[in-house]
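# Tertiary structure, described
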There are 2 protein chains.
Amino acid sequence: MPGITAPRVVILGGGFGGLSAAQSLANAPVSVTLIDRRNHHVFTPLLYQVATAGLSPGDIASPIRWILRHQANVSVQLANVVRVDVARQTVVLEDPAGGPAAVTDEVPYDYLIVATGATHAYFGHDDWATFAPGLKSIEDATELRRRILLAFESAEYEGNEEARRAALTFGIVGGGPTGVELAGAIMEIAGHTIPRDYRHIDTRTTRVILFEGGPRLLPTFPPALSDRARRDLERLGVEVRVNAIVTDVTAHGVSIGGDFIAVGNVFWAAGVKASPLGTSLRVPLDRAGRAIVGADLTIPGHPEVFVAGDMAAATSADTGRPVPGVAQGGIQMGHFAGRTIAREVEGGSSATDRAPFVYRDKGSLAVIGKAKAVAQIGRLEVGGFLAWLLWGGIHIAFLIGFRHRLQVLLSWFWNWMLNARDARLITGEAHLRIEAPRALGFDADRTPPSSERHVA
Amino acid sequence: MPGITAPRVVILGGGFGGLSAAQSLANAPVSVTLIDRRNHHVFTPLLYQVATAGLSPGDIASPIRWILRHQANVSVQLANVVRVDVARQTVVLEDPAGGPAAVTDEVPYDYLIVATGATHAYFGHDDWATFAPGLKSIEDATELRRRILLAFESAEYEGNEEARRAALTFGIVGGGPTGVELAGAIMEIAGHTIPRDYRHIDTRTTRVILFEGGPRLLPTFPPALSDRARRDLERLGVEVRVNAIVTDVTAHGVSIGGDFIAVGNVFWAAGVKASPLGTSLRVPLDRAGRAIVGADLTIPGHPEVFVAGDMAAATSADTGRPVPGVAQGGIQMGHFAGRTIAREVEGGSSATDRAPFVYRDKGSLAVIGKAKAVAQIGRLEVGGFLAWLLWGGIHIAFLIGFRHRLQVLLSWFWNWMLNARDARLITGEAHLRIEAPRALGFDADRTPPSSERHVA
């Protein structure tokens, strides 16, 4: 353990940015405290597979303590951060005992790395969140899984034909990688995994509609790959609607301007906004609530406060282009902040002569259904099975922990060979009631189900 | 699919009893509807391993539909059963849309098999449930896992020494197999799995106290194995207290008569009571709420209504002894009910000449810690590593699905080799706040944590 005089580095958030920062400080003479409100790091690129019952939560999440167990200069604390007091150089934590504000805990720092990430943004319509949940955490993923599986359950015993069709219609808002991957996976489940499990419905009649506000899917990919993704999705049976700006989401469906589409299950993969912690930094934020940082990823006037990952509005010093909100952005920014602090603490440099942050684009990947993907890596642009192999290899390599890699590989092999999806558990309090039909708003015009149907 | 005239068999519950009944009707000319309020069957003997982060929920639970997917005469319905109307031969379901009672769904039957199981019983002190949750479902298991992991998290940053010691004390009420297995597993985690993950506490100082009301642990096992279990648990570090009848459970601890023991985390493995559905059958119930059934497992005056598993107070025709509330009891009763119905529907026999139910005791097994167990199979009584191998082999063999067997074997191998427990996720809404200290009731006398401690 470092001595009493070791500089205190506090890292907020155990996502890609925070973890990468902590690991970059492994050999530095500092005392690191990493604070997160969850005890686990989530490998978010595979969250959609938990949402679609292909993987279990435990396959893609690890306790942060466990990941950092060999790094003696790091303490991990499970706590909710209320705000950062940049003037006093402290982080204010929510009192875990729920007592009066007077006993609130404070953690002082010499260096701070804020990497608390982003959450969903509904373009100012927060009321849509109830009807269109997003996908950022393990809890989000199990909630999506619950909704997807309950949709088929409620359709199986729904007497009203219109309600049944709505229950079997899925709308996904946002045509980025998450939207594309969710749409493909839901279509795979409905078309190949579960048809034989149901007696009263043909799940192959399921509709999946992907709404993208812009002119093409995967806007950050080369146009040729956008086309390829659209073609592959449509071949799977997904209905792709581009230039489709969602103007309303209700319990009954989605409005695109004046056009209303009855959709029983809407999922949100469109906007993100940075964690609300940004406001307490008292610095200019961009439209998405991200802190606008300098070339060294610190906030104006505070060279000891770094912001990394989805919390930061940063630009790459070589191209002048914004750093994208992907895992690689967080990893590279966290690493930069950690290395910068390590160098200065070790006395090799000072805050006045910091090199600027340069983002290295390692490419973009998105999966489409069972064994297809699109990939752009450097000058390589490829689709189909080869891209899928690339995607699988890269994701397995980046997963934390050898055991997880083995388990995920085993699950993928199994799912692929047998069209199985074994993680199909509906869990949570609400399992006691099938809530889907009520959410669909068919209470009033619902035909009482015929009891004869049991004599099939 | 059977024709319109096929007798309708309705099975309530997808546990061991219900599933075994459905499978015994695979080739019978009947139309089966299996109703459960959850979509998945749980392999309950391994639930304690989910509670102690050794396995993931998906490893021991499978969708009921998927288990029965090849059995064309079965429909599976996700619904809450409100009551059974034995006079009108219908099962009344909760209206999934939450509408007025008038639209409540009803399912008529020719034969009914009630196998809705049991829940925890607190000897008339239902208020203890908050402080001492039990272990019957996947949700229970993830709640226990959350509490166990949060106990260490709150101890790590607890400034008050008394509160910290209480947070690291676990009390388990009930010395049957579940209590013994939980106690051993928690001691294993604290002593071997996580010590290196924490910086401020030594988790090896964790106390685990097992309270048993009777004179010996595992009362249904031979006395020599009870002694062996106690010895092995004590060698692990578990404190075993027999003849310890719990008279009170609060947020602060457990009372044994006038003796109060400060325990931060209490888990309940003592009493069970049958599902409340029994009262709607309008038949005599035993003290635990189980329906007292005849030799053919049906209720008086209704040869078409079978009760199986933990819902039934049944006796074995050969010995006159009660059938124990274990997985084998459910499996054998469900099988008996299914076969009896199949024979009568096929015309081979009538309800008046039914053979009585005979329970075949296949033995008892309980695990103690990492690689020890006690086993009684026929005349064989064995403890230690050999019993553990037996236990492992039998449980793997009875798990449903080849994939689950492979995954559990892999997890066991991994946990055993590396002392790892990878499923250590704290999930659920309450992850945002560390609730343990508040539940412990240390709000008032809690010392504000020193901020200096971050400079370790």
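Residues numbered from 1 in each chain as written. Chains lettered and ligands numbered in written order. Predicted model: local features only at pLDDT ≥ 70, side-chain atom pairs only at ≥ 80, totals over all residues.

## Some points on the overall build of chain A
Worth spelling out the cut-off: Each helix is a run of H or I in the DSSP string that is no shorter than four residues. Each strand is a run of E no shorter than two, and both are numbered from the N terminus. To sort residues by exposure, count the other C-beta atoms lying within 10 Å of each residue's C-beta; 20 or more gives buried, 12 or fewer gives exposed, and values between give partly exposed, all with C-beta atoms placed from the backbone. Contacts here follow a simple rule: the backbone-placed C-beta atoms of the two residues must lie within 7 Å.
Counting its secondary structure elements, chain A contains twelve helices and 25 strands. Within chain A, the fraction of its 456 residues that count as buried is 54%. If you take every contact in chain A between residues at least 6 apart in sequence, the share linking residues at least 24 apart comes to 66%.

## Structural notes on helix α10 (residues 384-398) of chain B
Residue and element names in this part refer to chain B. Operational definition: Here the expected span of a helix is defined as 1.5 Å times the quantity of residues minus one. The directions from the helix axis to the C-beta atoms form the arc being described.
With 15 residues, α10 should reach 21 Å at 1.5 Å per residue; the first-to-last C-alpha distance of 21 Å fits that figure. For α10, the complete set of buried residues consists of Ala387, Trp388, Trp391 and His395. The buried side chains of α10 occupy one side of the element, clustering within an arc of 100° when seen end-on. Away from its buried face by more than 90 degrees, α10 exposes Phe385, Gly393 and Ala397. Lining the buried residues of α10 we find β23 (364-368), β24 (372-377) and β25 (380-383).

## Looking at the packing of helix α7 (residues 177-193) of chain B against helix α8 (residues 223-236) of chain B
All names here are of chain B. The test is simple: Helix axes are fitted only over the stretch in contact, all axes being lines through C-alpha atoms; the angle between N-to-C directions runs from 0 to 180 degrees. By the definition adopted for this analysis, an angle is roughly parallel if under 35 degrees, roughly antiparallel if over 145, roughly perpendicular if from 65 to 115, and oblique otherwise. Crossing handedness: left-handed means the near helix sits turned counterclockwise from the far one by under a right angle, and right-handed means the same turn made clockwise. Amino acids are sorted into nonpolar (Ala, Val, Leu, Ile, Met, Phe, Trp, Tyr, Cys and Pro), charged (Asp, Glu, Lys and Arg) and polar (every other residue, Gly among them).
Viewed as axis vectors pointing N to C, α7 and α8 meet at an angle of 20°, and their least axial separation amounts to 10 Å. Here α7 lies roughly parallel to α8, going by the angle between them. As for how α7 packs across α8, the hand of that crossing is left-handed. Note on element contacts: α8 touches α7 through Ala229, Leu233 and Leu236, opposite Val180, Ala183, Gly184 and Met187. Split by residue class, the contact of α7 with α8 holds six nonpolar, one polar and no charged.

## Let's talk about the confidence of the model for chain A
Residue and element names in this part refer to chain A. Counted only if it meets this: Confidence of the predictor at the level of single residues is given by pLDDT, which spans 0 to 100.
Counting all residues, the mean pLDDT for chain A is 87, and 89% of those residues have values of 70 or more. Between residues 99-103, whose pLDDT stays under 50, and residues either more than four places distant or in other chains, the model counts three contacts. For residues 429-456, every residue scores under 50 in pLDDT, and the model assigns this stretch 68 contacts once sequence neighbours within four places are set aside. Reported for the predicted complex are a pTM of 0.86 and an ipTM of 0.82.

## A closer look at the sheet that holds strand β8 (residues 106-108) of chain B
Residues and elements named next belong to chain B. Filter applied, for reference: A pair of strands counts as paired when DSSP detects no fewer than two bridges linking them.
Ordered by their spatial adjacency, three strands build an open sheet running β6-β7-β8, and the pairing between neighbours is antiparallel. Edge positions in the sheet fall to β6 (81-85) and β8, since each of these pairs with one other strand and no more. Neighbour-to-neighbour, the strand axes of the sheet open up by a mean angle of 20°, direction not taken into account. The pairing of β6 with strand β7 (residues 90-93) spans four bridges and is antiparallel. Counterpart to Asp85 in the pairing with β7 is Thr90.

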